[in-house]
Amino acid sequence: CKPDCDGKGGKHCKYWPAYLLRDYDMERAGRIATKHPKKKIQHTLSESSSTATLSQKDPGSRRNSLNDGEAESDSESSSPAQKTVGLVVVGDEILKGQTADVNSYAAAFALRENNVPLARVSIVSDDLDEIADEIRRMQGLCDAVITSGGVGPTHDDVTIKSVAMALGDELVLHQEMAALLVDKMGDKAVDEQARMKMSTLPSTSRLRYLTDDLDEWPILQCGHNVFILPGVPQFFEAKVKALATHLLSSDLERSVFYRVVLSCEESAIVEPLNEAVLRHPSVSFGSYPFVDHPGCKTVLTLEGRLIEGGYTHTSGRFLKLTPAASSSASGENGEASHRQSLPPAPMLNTKKEMDLNVELALSDLLRCLPDGSVLRVEENIDSLYCE
């Protein structure tokens, strides 16, 4: 740890976020037990040293709560419309098999817990253009985009710059982030180049504090629907949970969920299952074979769809393309015209309607399965694994 930056023997230089370390292999070892910087931070940049000099005002204010009008302007804490999410996982180490991608699972789990469909996931290398292209593509397909990784100070951390490219933003020195870094680490805790890189953000950026944890590092939101999260799994998991709960969740409820455990091979139930799927378009069916389990050979799942034919699409607001929209969604601007040409939103099923649809489909399916093949039917067990 570097000596105190304020000359008063204070606590600010004792610890700093490990993901800011210049040695990438040592990144993200822990969190910091310090308070958030106060609001209304005035920031000036010294021309001679390029270091941030800060003075703080409004000492009674701790963070930009979701109750603030400004914080609510682009994203609501809850909404009657269901939002779909695209996840862009950044990292050469994942593509090379040097580490496992556990963040996709963490995102899927947290989003499902809050009834937010994860529509798609992509993994890209630490390449500026590839990340920017993937973010643009995701924006054309989903309501919100989450990125994971590539946010440190080293040469291969290019996610923030890529987001700026994707959004057409300039990179600017972000006053609140500069203040946060000084508050957490002190002026001299990290070298000048690293601190300046971490403080330089897309011009539409804002820091979102979503919990009451005084040690919280904020989520970086860019534009109205891009959220930049750290790649270290324990930090990513905490952030995506907060994001799903406070910014992406809706007032819509999930339907009842059933899983049917079978003693027969999946190949034995293809015909009755396919017929049930056709008869019940408002229900999502799943079929999952088990190879090595002594008793359980197949697990079927049933869950109500918010919209007939599917509960997710390229947007949570729309499901089906009209013929005209299908033909217009082509060429260089295909994704943009695709979204603009979609028809008005269809009617959404209520939870009561979804539950009824599932119960009818379950009853129908059980009548058609081979005699003696059903081991058990389980309700609201959101797992596929047989014990």
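One can find the structure itself at the top, above this paragraph.
Residues numbered from 1 in each chain as written. Predicted model: local features only at pLDDT ≥ 70, side-chain atom pairs only at ≥ 80, totals over all residues. Heavy atoms only, no water.

**Section: the pattern of salt bridges**
Proximity of charged atoms lets side chains of opposite charge pair with each other.
Phase 1: Inspection of the entire model under this criterion finds 13 salt bridges.
Phase 2: Taking the shortest distance from any N to any O, the salt bridge between Glu-303 and Arg-254 comes out at 3.8 Å. Taken together, the residues Glu-303 in strand β13 (residues 298–304) and Arg-254 in the loop between α8 (233–248) and β11 (257–262) connect sequence positions 49 residues apart.
Phase 3: Using a relative accessible area of 13% as the deciding quantity, one classes Glu-303 as buried.
Phase 4: Given a relative accessible area of 23%, Arg-254 falls into the partly exposed group.
Phase 5: A salt bridge links Glu-378 to Arg-259; the nearest nitrogen and oxygen atoms lie 2.2 Å apart. Remark: Arg-259 occurs in strand β11 and Glu-378 occurs in strand β14 (residues 374–379); sequence separation between them is 119 residues.
Phase 6: When its relative accessible area of 4% is taken as the criterion, Arg-259 is described as buried.
Phase 7: Linked through salt bridges whose partners overlap, the residues forming this network are Arg-112, Arg-254, Glu-303 and Asp-382. (Salt bridge = Lys/Arg side-chain N within 4 Å of Asp/Glu carboxyl O. Helix = DSSP H or I, 4+ residues; strand = E, 2+ residues; numbered from the N terminus. Buried < 20%, exposed > 50% of the residue type's maximum accessible area, 1.4 Å probe, protein only.)

**Focus on unusual backbone geometry**
Phase 1: Even without being a glycine, Asn-115 presents a positive backbone phi close to 60°.
Phase 2: Position of Asn-115 relative to the elements: it lies in the loop between α3 (103–113) and β4 (118–124).
Phase 3: The phi torsion at Asn-380 lies on the positive side, around 55°, for a residue other than glycine.
Phase 4: Following the sequence through the fold, Asn-380 ends up in the segment after β14.
Phase 5: According to the relative accessible area criterion, Asn-380 is partly exposed, its value standing at 48%.

**Observations regarding the packing of helix α6 (residues 175–185) against helix α7 (residues 192–199)**
For any two helices packed against each other, the geometry comes down to the angle between their axes and how far apart the axes lie.
Phase 1: Relative to each other, α6 and α7 sit at 135°, their axes nearing to 8 Å. Between α6 and α7, the angle falls in the class oblique. In terms of crossing hand, the pair formed by α6 and α7 is right-handed. Across from Met-177, Ala-178 and Leu-181 in α6, the residues of α7 making contact are Arg-195, Met-198 and Ser-199.
Phase 2: Among the residues forming the contact of α6 with α7, the class breakdown is four nonpolar, one polar and one charged. (Axes fitted to C-alpha atoms, helices over the stretch in contact; angles between N-to-C directions. Parallel < 35°, antiparallel > 145°, perpendicular 65-115°, else oblique. Left-handed = near helix turned anticlockwise from the far one by under 90°. Contact = heavy atoms within 4.5 Å. Nonpolar A, V, L, I, M, F, W, Y, C, P; charged D, E, K, R; others polar.)

**Concerning the pairing of β11**
Phase 1: The buried fraction of β11 is high, at six of six residues.
Phase 2: Residue alternation in β11 divides its side chains into two sets, Phe-257, Arg-259 and Val-261 and Tyr-258, Val-260 and Leu-262, and both sets are buried.
Phase 3: Note: β11 against β13, six bridges, orientation antiparallel. Residue pairing for β13: Val-261 is matched across the bridge by Val-299.
Phase 4: Sheet analysis places β11 next to β14, joined by five bridges and oriented antiparallel. Among the inter-strand pairings, Tyr-258 is bridged to a residue of β14, identified as Glu-379. (Pairing = 2+ DSSP bridges.)

**Considering the environment of Thr-298**
Phase 1: Turning to its location among the elements, Thr-298 is positioned in strand β13.
Phase 2: Accessibility expressed as a relative area gives 0% for Thr-298, which makes it buried.
Phase 3: Between the C-alpha atom of Thr-298 and that of Cys-264, which follows or precedes it by 34 residues, the distance is 6.5 Å.
Phase 4: Sequence-distant contacts of Thr-298, defined by excluding residues within four places in its chain, comprise Val-260, Val-261, Leu-262, Cys-264, Glu-265, Glu-266, Ser-287, Tyr-288 and Pro-289.

**Quick notes on the sheet that holds β11**
Phase 1: In spatial order, the strands read β12-β13-β11-β14; together these four strands make up an open sheet with antiparallel pairing. Edge positions in the sheet fall to β12 (283–289) and β14, since each has one partner strand and no second. This sheet shows a mean twist of 15° between the axes of neighbouring strands, independent of strand direction.

**Comments concerning the packing of aromatic side chains**
Phase 1: Taken as a whole and assessed by the stated rule, the structure comprises one aromatic pair.
Phase 2: Aromatic pair Tyr-105 and Phe-109: ring centres 6.1 Å apart, planes at 35°, arrangement tilted. On the criterion of helical spacing, the pair formed by Tyr-105 and Phe-109 is a turn pair, its members being four residues apart in helix α3.
Phase 3: A cation sits over an aromatic face here: Arg-112 above Phe-257, 5.4 Å from the ring centre. (Phe/Tyr/Trp six-rings, centres within 6.5 Å; stacked < 30°, edge-to-face > 60°. Lys NZ or Arg CZ within 6 Å of the ring centre and 35° of its normal.)

In short, the description is geometric, and any link to function would need to be established separately.
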